[in-house]
Number of protein chains: 4
Amino acid sequence: MAENKVIRTIGVLTSGGDAPGMNAAIRAVVRTALGKGVKVRGIRRGYQGLLDEEIIDLTARDVSDTIQRGGTILQTARCEEMRTEEGQQKAAAICKKYGIDGLVVIGGDGSFAGAQKLANLGVNTVGIPGTIDLDIACTEYTIGFDTAVNTAMEAIDKVRDTSTSHERCSIIEVMGRDAGWLALWCGIANGAERILLPEEHDFDEEAIIEDIKECRKRGKKNYIIINAEGIGGSIELAKRIEAATGMEARATILGHMQRGGSPTCKDRVYASIMGAKAVDLLLEGKSNRVVGYRGGEYVDFDINEALNMQKGIPAYQYEIARELAL
Amino acid sequence: MAENKVIRTIGVLTSGGDAPGMNAAIRAVVRTALGKGVKVRGIRRGYQGLLDEEIIDLTARDVSDTIQRGGTILQTARCEEMRTEEGQQKAAAICKKYGIDGLVVIGGDGSFAGAQKLANLGVNTVGIPGTIDLDIACTEYTIGFDTAVNTAMEAIDKVRDTSTSHERCSIIEVMGRDAGWLALWCGIANGAERILLPEEHDFDEEAIIEDIKECRKRGKKNYIIINAEGIGGSIELAKRIEAATGMEARATILGHMQRGGSPTCKDRVYASIMGAKAVDLLLEGKSNRVVGYRGGEYVDFDINEALNMQKGIPAYQYEIARELAL
Amino acid sequence: MAENKVIRTIGVLTSGGDAPGMNAAIRAVVRTALGKGVKVRGIRRGYQGLLDEEIIDLTARDVSDTIQRGGTILQTARCEEMRTEEGQQKAAAICKKYGIDGLVVIGGDGSFAGAQKLANLGVNTVGIPGTIDLDIACTEYTIGFDTAVNTAMEAIDKVRDTSTSHERCSIIEVMGRDAGWLALWCGIANGAERILLPEEHDFDEEAIIEDIKECRKRGKKNYIIINAEGIGGSIELAKRIEAATGMEARATILGHMQRGGSPTCKDRVYASIMGAKAVDLLLEGKSNRVVGYRGGEYVDFDINEALNMQKGIPAYQYEIARELAL
Amino acid sequence: MAENKVIRTIGVLTSGGDAPGMNAAIRAVVRTALGKGVKVRGIRRGYQGLLDEEIIDLTARDVSDTIQRGGTILQTARCEEMRTEEGQQKAAAICKKYGIDGLVVIGGDGSFAGAQKLANLGVNTVGIPGTIDLDIACTEYTIGFDTAVNTAMEAIDKVRDTSTSHERCSIIEVMGRDAGWLALWCGIANGAERILLPEEHDFDEEAIIEDIKECRKRGKKNYIIINAEGIGGSIELAKRIEAATGMEARATILGHMQRGGSPTCKDRVYASIMGAKAVDLLLEGKSNRVVGYRGGEYVDFDINEALNMQKGIPAYQYEIARELAL
């Protein structure tokens, strides 16, 4: 590793699924680096674009009027080749060819694994957590979650309106293949009757059906179930509930709209600070680090360490979600 | 029919699918009637609630703070019984029992057919067009379309963000079983490459695939197809497109969120004026009428006449939608 | 005038106050013209930019991803020089120099007056009504009003929340120096107790104060007054009301936020169609025309005729606004 | 103090300025208490309402469909009388009269001071931080800030659009009499050129004017200054800037709209958890506590201790805000 290298050019890329706020992070990387006399190169389409040498210069003007935009101006992609040793060596060589001695990687754990490899190959790297799923263990904040959860919540508020008008059971499926954060937060924020989380693997369908029957007797006008993508099967669940309870049941799968949209204030602010911090770390000669927000502070970890951390839904929050659904 | 009856009590109900702005119309009916010395009764759950005698008094206070709310405070339902002569006679008898000599029915063509029957049975009726589909021939405006089309458009803006980041083809399915208004407007407003309308019955899938290939060669970063519910099959279409073009393709079915949400300004204003106008018509002794907005003016038609009208997507608008997709 | 000239290059500019949807109109002008084999030049900063020769070529790519953006990508300005004969002749000469034989002017009556002069000097012109104030007599729709009125309404919904919590009188000042459309629509849509319009010149402050006292006795939790910029004096009015009634009163002047924001669906669709229509008119050899929407149809008028038309707030709408405030 | 009292009835009130999310907290207090077999009484209009005995029973149904609403269903008020020893004793006596042995107070430091007095007089109390200003030292989160800062940011995004179209300097005044959190976050999130904070007392107007001149030379299309209410004077500042730089300058004072609106997801979730936690604390026999969120966890402090804490804008965040404005 090259801990004390002087950094003259910083590269930045977004990798994996896109997330609102990634542009704020890119902008902060560009502005902070330029402000400190360092050149910035943007790499398009993630690691794939790096391997394809899709590398452009970025000026302060290029990131003007981008902080409020959804998506990522650098675009993003998955890249199988970067998982191979050959791909990693090619990527490191291309960084050297373009004078990129520091690289900021905005993405999730998979993207950090690539950054780790590049660090081992002599390219100083810093990762910034960017994913709407919040499923990065070393940080309480990831770019995009705040926007995504508000997008989902606002959509569910609308479903609830019509669900009440028609006295329906509505099952709304939000993103989250392995992590139930979006489902949990929407469950609380939308006052859902049930929340189905991938962390729980299974749920008691019979208990839900009994509860719906009970609620109907008490005159409740709707019944909202937030289901996570990792559980899935919302359309079939709706059919089974309707058959078992006689209450009209409908499923909505929110899908990709949760990935887009103008970022919330939190996503803009935190992403900006993390972008600036990533540059500061590189300029201090650090490498193989990932930026996080934890315990009320912006922090950074060794990538190796970060990738070995675990996090789960806090028991207290989940318990409260259950109680409030009463 | 009872053209010149003095109206002492007006009933109001919402029927069929709910639509944002229905509360604004209910509020206007209540306030206008009370302001003119007429009592108002709210009938819950549409015609079904009428048959079940779910009838409540409505005061000015009951409709306070409702103009901005989605859904319908009176709730709504479908009602098979109201299609039978027996059901219609029972409904007319219940109106008489509760002193309801004028009835405002907010809904679509099916709901107006019920109002027509009641008018024949001596209950003065006025219909107000309420449906997010805009598929009522006698009027250029229906309550809820403006809100629904903005909800769909904003969701599609978000899908577009992520579609661009990942260079995907996105197929977004909006509501509209028989009418393509929502699809057409979103198609134009979201700058879609293709719009699939139920009015056209069929579409040339091969031409779309060729166009996608062409666009990719020119370096286009996304390809948006707006599909109407009446065409359907978005998930399968996405698979076929991905297989044929090599461009990643994803489908999103927006679903019931399009029915909810706080109404737009237009929906609040037009629904308010239509609600007031419906009361004015009843107080003038009119019956079997439906309120509309046409040619820049609030108008009213005989229900029989209204139900026989036809309307389709204007050719000029559709042509422009095609041209702009270039 | 040059009625039957063949048009090879169309120029487009935005003039006067900006309005959401102007970019949709620019995009439609560009795409429609290019689709029909005509070159397009964008003129920056309105007539001032024309006189300063700030003229750029516009391609289909230049207007990609702009339909959803607020403001105008061409920027806008006021221009005193264009009111002089000398300025007008210079402008016509510059059009000729750049081969601009057709010009689309997006703006208000003042901007159309310039288009009229240029038409007289041999440059074929078509105006598109763009102003958030809706104060163009020949059309029921102007670009930006729909977005602005929703922006104002949503802000007022928020003020209403806190006004209710604190049992306050809130006076909210919306834009509209000479025309009260924004105030009237917000008045209805926000369920205001009073609407002050510039068309009425004066209002009975004593009657408002008596009404507030009356409402407080009946236990009303807030009192909303929508005031138009043309009436003004909201801060002072709040002070006088508080002094006279004892009810806490606060003023909010919404200001320039009403001019910005992503356009609504209606603004995107109507602006797109008007942009396409403006090009179609020029290609038919028409000049000195202004596009409008009237009686449910897209129409066009001679500019001279259009500038002599009058329109006012419809009496029926205003009366209903009053009744509903009861 | 009555540390180990058994709680049979919990009262809840909102006090001071209202904040979006207060209803989520009230709802959580009600549902959690009822779920644990404890009765709940709602006190209207804050301490004033307590002194006036405006006390109502709250059921689960009363808080249905409120989590998404702005304002506070219990309303709020300032109360001078509660600052006197006489008022405090009267309040404690009324609590006893109504069997309120535990009281949840949602508000700011002033409201907690009242809770402290009541705790000394034998009423068990727990405070929940509710203020859009974020100016409560013991907690990193206060109910309403997240919604308010997003409301302000979205309004400023709109002002920015028109500011760019017209190449203006825009000064936008956000709330915050003593604390600059709203200004700082908006400054970062809206990419402002300058942020004026009450914590700094003064700012270098000459430096701003020089910077504007410099930016204009470089061709910048707008110049955004976020000003905090505590600094004020935005309208005059705009005039001075316009006179000194020749750049058109306009001020917007966002005002009370920042207090309203449907709460964001974060405000609903955190307020819900805090509401539940406040009840849990009371049921554990605790008193004179205030709930907080700090270091990534929900915590609680002795009110005396909490009122003596200090917090300021973190230097690192402010420094980054400056750098990014480059």
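Analysis parameters
- The residue numbering used here restarts from 1 in each chain and proceeds along that chain's sequence as written.
- To read the labels, note that chains go from A and ligands from 1, taken in the order they are written.
- Per-residue local features are limited, in this predicted model, to residues with pLDDT of at least 70; the limit for side-chain atom pairs, both in listing and counting, is 80 or more; totals at the level of whole chains, interfaces and linings are taken over all residues.
- Each side-chain value is worked out from all heavy atoms of the structure, with water and hydrogens disregarded.
- Put simply, DSSP H or I for four residues or longer makes a helix, DSSP E for two residues or longer makes a strand, and each gets a number counted from the N terminus.
- Both definitions apply: the radius of gyration is a C-alpha atom measure, and the globule rule equals 2.2 Å times residues to the power 0.38.
- Partly exposed describes any residue whose relative accessible area lies between the buried limit of under 20% and the exposed limit of over 50%, with all areas from a 1.4 Å probe on protein chains only and scaled to the type maximum.
- Throughout, a contact is declared for two residues whenever any of their heavy atoms are within 4.5 Å.
- The accessible surface values rely on the Shrake-Rupley method and a 1.4 Å probe; as for residues, cover is taken only from the protein chains in view.
- Positive residues here are Lys and Arg, negative ones are Asp and Glu, while His and the chain termini are left out of the count.
- In this description, the location of a charge corresponds to atom NZ of lysine, CZ of arginine, CG of aspartate or CD of glutamate.
- In this description, buried area is defined as the sum, over both parts, of the accessible area (probe of 1.4 Å) that is lost when the two are combined.
- A side-chain nitrogen of Lys or Arg and a carboxyl oxygen of Asp or Glu constitute a salt bridge if their distance falls within 4 Å.
- Under this definition, polar contacts are N or O atom pairs within 3.5 Å; protein pairs additionally need one hydrogen-donor-capable and one acceptor-capable atom, and for neighbouring residues in sequence, both atoms have to be side-chain atoms.
- Three classes are used: nonpolar for Ala, Val, Leu, Ile, Met, Phe, Trp, Tyr, Cys and Pro, charged for Asp, Glu, Lys and Arg, and polar for all others, with Gly counted as polar.
- The residues that make up patches have over 30% relative accessible area and no salt bridge, and they are joined within 9 Å when like-charged or within 5 Å when they are Val, Leu, Ile, Met, Phe, Trp or Tyr.
- We treat two strands as partners when DSSP finds at least two bridges between them.
- With axes taken as lines fitted to C-alpha atoms, and helix axes fitted only over the stretch in contact, angles between N-to-C directions fall between 0 and 180 degrees.
- A helix is expected to reach a length of 1.5 Å times the quantity of its residues less one.
- Throughout, the arc means that of the directions going from the helix axis to the C-beta atoms.
- The predictor rates its confidence in each residue with pLDDT, a number between 0 and 100.
- For this overlay, a least-squares fit was computed on C-alpha atoms, restricted to residues scoring pLDDT of at least 70 in both copies.
- By definition in this entry, angles of less than 35 degrees are roughly parallel, angles greater than 145 are roughly antiparallel, angles of 65 to 115 are roughly perpendicular, and the rest are oblique.
- Crossing handedness is read from the near helix: turned anticlockwise from the far helix by less than a right angle, it gives a left-handed crossing, and turned clockwise, a right-handed one.
- Boundaries between domains were set according to an automatic or database domain assignment.
- UniProt positions are given in the numbering used here, feature names are shortened, and annotations may be inferred rather than shown by experiment.
- Stacked, edge-to-face and tilted labels apply to pairs of Phe, Tyr and Trp rings (six-membered ring for Trp) whose centres lie within 6.5 Å, assigned for plane angles under 30 degrees, over 60, and everything in between, in that order.

> In this structure, what is going on with the overall build of chain A? I would like to understand it.
Of regular secondary structure, chain A possesses 11 helices and 11 strands. A globule of 326 residues ought to have a C-alpha radius of gyration of about 20 Å, and chain A, at 22 Å, matches this closely. By principal-axis analysis of the C-alpha atoms, chain A measures approximately 70 × 35 × 35 Å. Sorting the 326 residues of chain A into buried and exposed places 65% on the buried side. Here the analysis covers contacts within chain A between residues at least 6 apart in sequence; of these, 74% occur between residues at least 24 apart. Put simply, chain A shows about 11,100 Å² of open surface, and 46% of that area lies on carbon and sulfur atoms. Treating the 40 positive side-chain charges of chain A as one cloud and the 47 negative ones as another, the clouds have centres 5 Å apart.

> Just checking my understanding: could you explain the interface of chain B and chain C for this structure?
Taken together, the contact pairs 44 residues of chain B with 44 residues of chain C. Roughly 3,600 Å² of surface becomes buried between chain B and chain C when both sides are summed, with 60% attributable to carbon and sulfur atoms. The interface formed by chain B and chain C holds four salt bridges in total. Between Lys36(B) and Glu323(C) there is a salt bridge, and its shortest N-O distance comes to 3.8 Å. Where chain B touches chain C, the interface holds 12 residue pairs in polar contact (both at pLDDT 80 or more). Every element with two or more residues in the side of chain B that touches chain C is listed here: helix 1 (22–35), helix 5 (145–166), helix 6 (181–189), helix 9 (265–283) and helix 11 (315–324) of chain B. It is helix 9 of chain B that contributes the most residues to the side of chain B that touches chain C, 10 residues altogether. Taken together, the residues of the side of chain B that touches chain C break down into 18 nonpolar, 13 polar and 13 charged.

> Looking at this structure, I do not really get a negative patch on the surface. What am I missing?
There is a patch of like negative charges on the surface, built from Glu154(A), Glu154(B), Glu154(C) and Glu154(D). Considering the arrangement of structural elements, one finds Glu154(A) in helix 5 (residues 145–166). When its relative accessible area of 44% is taken as the criterion, Glu154(A) is described as partly exposed.

> It is not clear to me how the pattern of salt bridges should be interpreted in this structure. Could you clarify?
Two side chains bearing opposite charge may form a pair once their charged atoms approach each other closely. Under the counting rule described, the total for this entry stands at 89 salt bridges over all chains. Taking the shortest distance from any N to any O, the salt bridge between Arg250(A) and Glu248(A) comes out at 3.2 Å. The partly exposed category is assigned to Arg250(A), whose relative accessible area is 29%. Across the salt bridge formed by Asp57(C) and Lys39(C), the nearest N and O atoms sit 3.5 Å from each other. Of this pair, Asp57(C) sits in strand 3 (residues 55–57) while Lys39(C) sits in strand 2 (residues 39–43), placing them 18 residues apart in sequence. Linked through salt bridges whose partners overlap, the residues forming this network are Arg168(A), Glu242(A), Glu248(A) and Arg250(A).

> Teacher, can you tell me more about the sheet that holds strand 4 (residues 102–107) of chain D here?
Sheet strands associate in pairs through backbone hydrogen bonding, adopting either a parallel or an antiparallel arrangement. All names here are of chain D. The mixed open sheet is built from seven strands, whose spatial order is 3-2-1-4-5-10-11. Each end of this open sheet is capped by a strand with a single partner; those strands are strand 3 (55–57) and strand 11 (297–302). Strand after strand, the sheet turns through a mean of 25° between neighbouring axes, direction not considered. Pairing analysis gives two bridges linking strand 5 (residues 124–129) to strand 10 (residues 289–294), with the strands arranged parallel. Bridge pairing links Val126 to Arg289 in strand 10. Lying on the sheet, helix 9 (residues 265–283) is in contact with strand 1 (9–14), strand 4, strand 5, strand 10 and strand 11; it crosses strand 5 at an angle near 165°.

> Explain unusual backbone geometry to me, please; I cannot follow it from the model alone.
Most peptide bonds adopt trans geometry, and most residues besides glycine take a negative phi value. Residue and element names in this part refer to chain A. The backbone of Asp65 shows a phi angle near 60°, a positive value even though the residue is not glycine. Summarising the element assignment, Asp65 is placed in the loop between strand 3 (55–57) and helix 3 (85–97). Here Asp65 falls in the partly exposed class, since its relative accessible area comes to 41%.

> Sorry, what's going on with the side chain of Ser170(B) here?
Locating Ser170(B) in the fold gives a position in strand 6 (residues 169–174). A polar contact is formed between the side chain of Ser170(B) and the side chain of Ser163(B), at a distance of 3.0 Å.

> Would you explain helix 3 (residues 85–97) of chain B in this entry?
An α-helical turn contains 3.6 residues, so a residue and the one three or four places further along point in the same direction. Residues and elements named next belong to chain B. Between its first and last C-alpha atoms helix 3 spans 18 Å; for 13 residues at 1.5 Å apiece the expected length is 18 Å, and the two agree. Regarding helix 3, the residues found buried are Gly87, Gln88, Ala91, Ala92, Ile94 and Cys95. Viewed along the axis of helix 3, the buried residues span an arc of 160°, placing them on a single side of the element. Within helix 3, the exposed residues directed more than 90 degrees away from the buried face are Glu85, Glu86, Lys96 and Lys97. On its buried face, helix 3 is in contact with helix 2 (46–51), strand 3 (55–57) and helix 4 (109–120). Just past helix 3, the residue Gly99 takes up positive phi, approximately 70°.

> Would you take a moment to explain the confidence of the model for chain A for this structure?
The predicted structure's coordinates, where accompanied by low pLDDT, should not be read in detail. Here chain A shows a mean pLDDT of 95. Residues at 70 or above account for 98%. Scored by ipTM, the complex comes to 0.96, with pTM at 0.97.

> Teacher, can you tell me more about the environment of Arg177(D) here?
All names here are of chain D. By secondary structure assignment, the location of Arg177 is in the loop between strand 6 (169–174) and helix 6 (181–189). In this view, Arg177 contacts Pro198, Glu229 and Gly230; residues no more than four positions away in its chain are not counted. At 3.3 Å, the side chain of Arg177 forms a polar contact with the side chain of Glu229.

> Quick question: what am I supposed to make of the relation of the copies chain B and chain C here?
Relating one copy of the chain to the other takes a rotation about an axis and a shift parallel to that axis. Rotating chain B by 180° and translating it 0.0 Å along the rotation axis places it on chain C, where the RMSD comes to 0.0 Å. As the rotation angle and translation indicate, the two copies are arranged about a two-fold axis. Residues of chain B ranked by C-alpha distance from the rotation axis are headed by Gly295(B), positioned 1.8 Å from it. Comparing interface residues between copies, 100% of those in chain B also sit at the interface in chain C, which points to an isologous, same-surface contact.

> Would you mind showing me how to read the packing of helix 5 of chain B against helix 6 of chain B here?
A pair of packed helices is captured by two measures, namely the crossing angle of their axes and the spacing between those axes. Residue and element names in this part refer to chain B. In contact at an axis separation of 10 Å, helix 5 and helix 6 are set at 45° when each is read in the N-to-C sense. Overall, the two elements helix 5 and helix 6 adopt an arrangement that is oblique. In this structure, helix 5 crosses over helix 6, and the sense of that crossing is right-handed. Only Trp181, Leu182, Trp185, Cys186 and Ala189 of helix 6 make contact with helix 5, whose side of the interface consists of Phe145, Ala148, Val149, Ala152, Met153 and Ile156. Among the residues making up the contact of helix 5 with helix 6, the classes are represented as 11 nonpolar, no polar and no charged.

> Any chance you could explain the domain arrangement of chain A here in plain terms?
Accessible area lost upon the coming together of the parts serves often as the stated size of an interface. Residues and elements named next belong to chain A. Here the domain parsing of chain A yields domain 1 (9–144 + 263–308) and domain 2 (146–259). For domain 1 versus domain 2, the distance between C-alpha centres works out to 35 Å. At the junction of domain 1 with domain 2, the criterion picks out zero salt bridges. Of the residues that constitute the side of domain 1 that touches domain 2, the class distribution is five nonpolar, three polar and five charged.

> Would you mind showing me how to read the sheet that holds strand 11 (residues 297–302) of chain A here?
Residue and element names in this part refer to chain A. As summarised here, the arrangement of the seven strands in space is 3-2-1-4-5-10-11, forming an open sheet in which the pairing is mixed. Each edge of the open sheet carries a strand with a single partner, namely strand 3 and strand 11. Neighbour-to-neighbour, the strand axes of the sheet open up by a mean angle of 25°, direction not taken into account. Contacts from helix 9 (residues 265–283) reach strand 1 (9–14), strand 4 (102–107), strand 5 (124–129), strand 10 (289–294) and strand 11, with the element oriented near 165° to strand 5.

> Looking at this model, I keep getting lost on the UniProt feature "active site" (unreviewed entry) in chain A. Mind explaining?
Residue and element names in this part refer to chain A. UniProt's entry tags Asp133 with the feature "active site" (unreviewed entry), counted in the numbering of this structure. By relative accessible area, Asp133 is classed as buried at 17%. Look past the residues within four positions of Asp133 in its chain and what remains in contact with it is Met175, Gly176, Ala179, Trp181 and Leu182.

> Got a minute to help me understand the packing of aromatic side chains in this structure?
Two aromatic rings, taken as a pair, are described by how far apart their centres are and by the angle between their planes. This model, assessed by the stated rule, comprises 24 aromatic pairs over all chains. A centroid spacing of 5.6 Å and a plane angle of 65° characterise the contact between Tyr270(B) and Tyr298(B), whose relative ring orientation is edge-to-face. A residue pair is termed long-range when its members are at least 10 positions apart, and Tyr270(B) in helix 9 and Tyr298(B) in strand 11 (residues 297–302) qualify at 28 residues. Judged by relative accessible area, which is 14%, Tyr298(B) ranks as buried. Connected via pairs of aromatic rings, a cluster forms that spans Tyr141(A), Tyr270(A), Tyr293(A), Tyr298(A), Phe145(D) and Trp185(D).

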